[in-house]
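Structure assessment
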Amino acid sequence: MKKIVVLAKQVPDTANITGNAMKEDGTVNRAALPAIFNPEDLNALEMALTIKDKIGGEVIVITMGPPKAAEILKHSLYMGADHVMLITDRKFAAADTLATSFVLAETIRQFGEVDLVLAGRQAIDGDTAQVGPQVADKIGFNQITYVSALKEFDDNYLIVERDGEVQTEVIKTGYPALLTITSQVNTPRYPNCRRMLQYFRADVKDNFSNSELSTAVANGWVIPTYSLDDLKLDEERCGLKGSPTKVHKIKSIMLKGGDLKIYGTGQTDIKQLVRDIMKVYVEVH
Amino acid sequence: MKAIVFIEKNPVTGKLRNVSIELTHKAYTLSNPFKGEVVGVFAGDALPGNTDELFRFGMSRLLYFIDARLKHLHSIAFKHTFVEMIRSEEPDIVLFGATHTGRDIAPLIASSLKTGLTADCTQLYIEDYKNKGKILYQVRPAFGGNILATIITPDHRPMMASVREGVMLLPEERLNHPVKMEPFTIDFNESWVKSEFLSVIPKVKKVDFGSANIIISGGAGVGSAENFRLIRDLANALKGEVGASRAAVDFGFAEKDHQIGQTGSVVRPMLYIACGISGQIQHRAGMEESQKIIAINKDPEAPIFNIAHMGIVGDLNEIIPVMLRYLKEEG
Ligand SMILES: Cc1cc2nc3c(=O)[nH]c(=O)nc-3n(C[C@H](O)[C@H](O)[C@H](O)COP(=O)(O)OP(=O)(O)OC[C@H]3O[C@@H](n4cnc5c(N)ncnc54)[C@H](O)[C@@H]3O)c2cc1C
Ligand SMILES: Cc1cc2nc3c(=O)[nH]c(=O)nc-3n(C[C@H](O)[C@H](O)[C@H](O)COP(=O)(O)OP(=O)(O)OC[C@H]3O[C@@H](n4cnc5c(N)ncnc54)[C@H](O)[C@@H]3O)c2cc1C
């Protein structure tokens, strides 16, 4: 029986950027973009469920974000998570990775004896890959990053493969541990139909009317939310205040126009191109 | 401005990783105008074979800690070692290579020191900030490469940043700093070793972009794994290296090692020939600093033409064979 925490982030779909993605103050205008489950966090959740399916346990998905981030928690319930937690408070806004990891680590600490924490390697918006390790540091767990395969596990240990860039490392660790997961590890399962029927009404408390609330609670539809006060956190270490890094300036990337010389597709044109290439070739060889 | 550079050894070759040399030089250009020094920090089972190189690129001193237990990436042990080294030096700046090792350890160190860490910077410079004196400005792409953010750490020290390999350029000239090696002692605590490394399999490196002056890359437009032969033939004829877009890798035309871009390698060859590559921002992030860019694409509106110096609008299946024929003639 293992208690497994999955850290998940809702992210703007940066592969399909449109409109005004950034606000004046350099924060993300999430409203302008479709929001998705950070891809590698789905792999982390899949790994947690795989472990639970075999050796038993409990999977808890935690996200820090705006109320809208409850969407990925609902999806987590569909996939098979036992519990979900939405950590949300205006005072958490504009957190850098130090402040984000502080809040996540405190949440994990307060909810007791965790055996395994799984995070995505990297979120596709902030792109830092720093939150996983910084949580590991704060909760004092062993850490293995860039996990590319789960080889073997039981109640006492895990054996994983790590993508060490120039080498592949096969590593054994006991519990507790924090792993950051890459997309090579597995293919996330589809939502389960029965669970979709069970949880399709799942939402945060504020979105239920007073008359609906008791039914919602009885059916487990209420996604629990936690604020700074609920977690009794030091405000100085959260959000903008707790963030040593500040976004000073944001610039969207413009195409820079080169002085382009276009060649035709006729034989002589291609011959000319090859001659021009040979000039560089002669220079370098 | 005192700068610390995290020095990393390639465990397969036993030599310095290029990024360690690149960052030594960068740290030197950042700190030298302010009479600062560059201090390297290294921990491992043995020093890199070519450690002296660092002193030709601006390093003043190297602190090192050698212990057989540091043969493998025991993250916690490395963290404690570097935290102690950094505390003893009190630097303004600490730079890491954004390698799989640097990105494993740097966040742990920043968390322990409760300071800021800016990831994957492409530009670093020093300027005044309000009444706080000179600080490090850290420019980095984020949001899948769609924006460039300038990040600062105004109130905390050290200011920490990571930089990917190949991003910072090396100068032609060499410096002649005396080699100064300083062993560092720490009380190694056995409890820092929490993982057991059962085996380590070196990846066979099939691609060497670092020394390639010419790179020929293929994208989704190449059409099939079989057709990718055209790209390899062109690379052979020009004694160049083969690159690929992520789409080409995803389709199985080329192996992941060949990928160029935000999630692949960053390259800046003398000549980059992009064949059937549209030139999305994430691909450009890895190649737009190339000296000369040639694009072969059948779509005249493809964004690659916005950064190309030479281009042909047409079908690569017709163009490349003709090029190969003339290349043979030119010989
Ligand atoms: C343009 C821009 C640039 C930035 N640059 C930096 C920078 O250089 N340094 C810095 O410290 N901060 C930076 N930030 C802030 C950073 O994006 C946020 O702190 C963000 O909350 C977490 O970082 P990330 O998105 O990089 O996550 P990553 O560290 O890449 O995420 C890794 C994993 O951690 C978990 N995780 C991350 N966030 C959450 C969450 N909110 N809830 C639950 N799990 C989570 C997920 O499992 C995720 O897969 C930047 C922000 C912007 C807008
Ligand atoms: C977070 C993130 C990270 C990413 N990282 C990378 C990365 O590191 N590297 C990378 O490359 N991409 C990366 N991508 C993907 C990137 O956004 C693009 O999807 C990818 O670069 C497209 O590859 P392509 O140009 O080969 O394919 P396409 O965009 O499909 O373009 C194919 C091109 O081939 C042309 N063409 C087709 N047939 C022919 C023909 N017969 N002759 C000539 N031309 C032809 C077409 O006109 C078109 O321009 C990333 C995306 C995200 C979201």
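Residues numbered from 1 in each chain as written. Chains lettered and ligands numbered in written order. Predicted model: local features only at pLDDT ≥ 70, side-chain atom pairs only at ≥ 80, totals over all residues. Heavy atoms only, no water.

**A few points about the pairing of strand S6 (residues 116-120) of chain A**
Residue and element names in this part refer to chain A. Applied cut-off: Think of it in three bands: residues with accessible area under 20% of the maximum for their type are buried, residues over 50% are exposed, and the middle band is partly exposed, with areas taken using a 1.4 Å probe on protein chains only. The secondary structure listing takes helices from DSSP runs of H or I that are at least 4 residues long and strands from runs of E that are at least 2 residues long, numbered from the N terminus. Strands are labelled as partners when DSSP assigns at least two bridges between them.
With five of five residues buried, S6 is to be regarded as a mostly interior element. Along S6, one buried face is formed by Leu-116, Leu-118 and Gly-120 and the opposite face, lined by Val-117 and Ala-119, is buried too. Judged from the four bridges that link them, strand S1 (residues 2-7) and S6 form a sheet pairing that is parallel. Considered in S6, the bridge of Val-6 is made with Leu-118. Pairing between S6 and strand S10 (residues 177-181): five bridges, direction parallel.

**Overview of the interface of chain B and chain A**
Spelled out, the test is: By definition, residues are in contact when any of their heavy atoms lie within 4.5 Å. A 1.4 Å probe defines the accessible area here, and the buried area is the portion of it lost by two parts on being joined, summed over both. A side-chain nitrogen of Lys or Arg and a carboxyl oxygen of Asp or Glu constitute a salt bridge if their distance falls within 4 Å. Polar contacts, as counted here, are pairs of nitrogen or oxygen atoms within 3.5 Å of one another; within protein the pair requires one atom able to donate a hydrogen and one able to accept it, and residues that are adjacent in sequence qualify only if both atoms are side-chain atoms.
Listed per partner, the contact involves 85 residues of chain B and 76 residues of chain A. When the two sides are added together, the surface that chain B and chain A hide from each other amounts to roughly 7100 Å², 60% of it contributed by carbon and sulfur. Sorting the residues of chain B by area buried against chain A places His100(B), Arg103(B) and Phe143(B) first, and these three jointly supply 11% of that buried surface. Across the chain B-chain A interface, the total number found is four salt bridges. With its nearest N and O atoms 3.8 Å apart, the salt bridge here joins Arg162(A) to Asp104(B). Our count for the contact surface shared by chain B and chain A stands at 36 residue pairs in polar contact (both at pLDDT 80 or more).

**Concerning the confidence of the model for chain B**
Detail in the predicted coordinates should be disregarded across regions flagged by low pLDDT. Note the cut-off: Along the chain, pLDDT gives the predictor's confidence residue by residue, from 0 to 100.
Chain-level pLDDT for chain B is 95 on average; 100% of the residues reach the 70-or-more range. Under the prediction, the complex receives an ipTM of 0.90, its pTM being 0.87.

**Focus on the nonpolar core**
Here is the rule we go by: Residue types Ala, Val, Leu, Ile, Met, Phe, Trp, Tyr and Cys, when buried and joined through side-chain atoms within 4.5 Å, form a set referred to as a nonpolar core.
One finds Val61(A), Leu116(A), Leu118(A), Leu179(A), Phe82(B) and Ile109(B) to be the most contacted residues of the largest nonpolar core, which totals 75 residues. Apart from the residues lying within four places of it in its own chain, the contact partners of Leu118(A) are Ile4(A), Val5(A), Val6(A), Leu7(A), Ala44(A), Met47(A), Ala48(A), Leu179(A) and Ile181(A).

**Re the site of ligand 2**
We apply this condition: Nearness here has a simple test: a residue counts as near a molecule or strand if at least one of its heavy atoms is within 4 Å of that partner. Residue exposure ignores everything except the shown protein chains as possible cover, and the areas themselves are Shrake-Rupley values with a 1.4 Å probe. Under the scheme applied here, ten amino acids are nonpolar (Ala, Val, Leu, Ile, Met, Phe, Trp, Tyr, Cys and Pro), four are charged (Asp, Glu, Lys and Arg), and all others, including Gly, are polar.
By nearness alone, 26 residues border ligand 2, and Ala220(B), Ser245(B), Thr263(B), Ser278(B) and Gln282(B) come closest of all. Taken together, the residues near ligand 2 originate from chains A and B. Ser245(B) is positioned such that a nitrogen or oxygen atom in its side chain is 2.5 Å from an oxygen atom of ligand 2. For ligand 2, an oxygen atom lies 2.8 Å from a polar atom in the side chain of His283(B). Protein chains bury 81% of the 980 Å² of accessible surface belonging to ligand 2 in isolation. Elements with a minimum of two residues in the shell around ligand 2: helix H5 (246-250), helix H6 (281-284) and helix H7 (316-330) of chain B. Broken down by class, the residue content of the shell around ligand 2 amounts to six nonpolar, 16 polar and four charged.

**Regarding the domain arrangement of chain B**
Residues and elements named next belong to chain B. The criterion, for reference: Domain start and end points were adopted from an automatic or database domain assignment.
Domain boundaries in chain B define domain 1 (3-192) and domain 2 (214-330). Placing the centre of domain 1 and that of domain 2 at their C-alpha centroids yields a distance of 34 Å. At the junction of the two partners, domain 1 supplies nine residues and domain 2 supplies eight residues. Carbon and sulfur atoms supply 40% of the area buried between domain 1 and domain 2, which totals about 640 Å² over both sides. For the pair domain 1 and domain 2, the interface holds zero salt bridges. If you look at where domain 1 meets domain 2, you find four residue pairs in polar contact (both at pLDDT 80 or more).

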